[in-house]
Amino acid sequence: MKTTRRILLYGNSVILGTIGASLRACSGFDVTTLKTPLPDAQVLDDAKPDILFFDLEAPHTEAVFSLLKTNPTLLLIGVS
């Protein structure tokens, strides 16, 4: 059973930075911050994220939803 959750953060808002800092303090999370623009979908699929936090104000957030095609169990959390 998988014990470490892989979390991706997409965007550069202050709130995402705060969320990332809090999650990095917990040993059960592997947190990676993605820079804009969003990487190729294949790169994201290869990362095998469990959770993706994204800034609703970031450009091209519609690409985030395309990840659900290949990973329907991915939890997307939009932050504004």
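Further up the page is the structure itself.
Given the structure is predicted, the values throughout are model-derived calculations rather than measurements.

(A) Seen up close, the sheet that holds strand β3 (residues 51–55). Judged by pairing direction, the sheet is parallel, and its four strands sit side by side in the order β2-β1-β3-β4 without closing on themselves. One side of each edge strand has no neighbouring strand; the edge strands of this open sheet are β2 (29–34) and β4 (75–79). On average, adjacent strands in this sheet sit at an angle of 20 degrees to one another, irrespective of strand direction. Relative to β4, β3 runs parallel, the two being bridged by five bridges. Residue pairing in the sheet places isoleucine 51 in a bridge with leucine 75 of β4.

(B) Region of interest: the packing of aromatic side chains. Throughout the structure, instances matching the rule amount to one aromatic pair. Centre to centre, the rings of phenylalanine 54 and phenylalanine 65 are 5.7 Å apart; their planes meet at 85 degrees, and the pair counts as edge-to-face. With phenylalanine 54 in strand β3 and phenylalanine 65 in helix α3 (residues 62–70), this residue pair connects regions lying 11 residues apart in the sequence. By relative accessible area, phenylalanine 54 is classed as buried at 3%. The exposure class assigned to phenylalanine 65 is partly exposed, which follows from its relative accessible area of 45%.

Parameters and conventions
- Residues numbered from 1 in each chain as written.
- Predicted model: local features only at pLDDT ≥ 70, side-chain atom pairs only at ≥ 80, totals over all residues.
- Heavy atoms only, no water.
- Pairing = 2+ DSSP bridges.
- Helix = DSSP H or I, 4+ residues; strand = E, 2+ residues; numbered from the N terminus.
- Axes fitted to C-alpha atoms, helices over the stretch in contact; angles between N-to-C directions.
- Phe/Tyr/Trp six-rings, centres within 6.5 Å; stacked < 30°, edge-to-face > 60°.
- Buried < 20%, exposed > 50% of the residue type's maximum accessible area, 1.4 Å probe, protein only.

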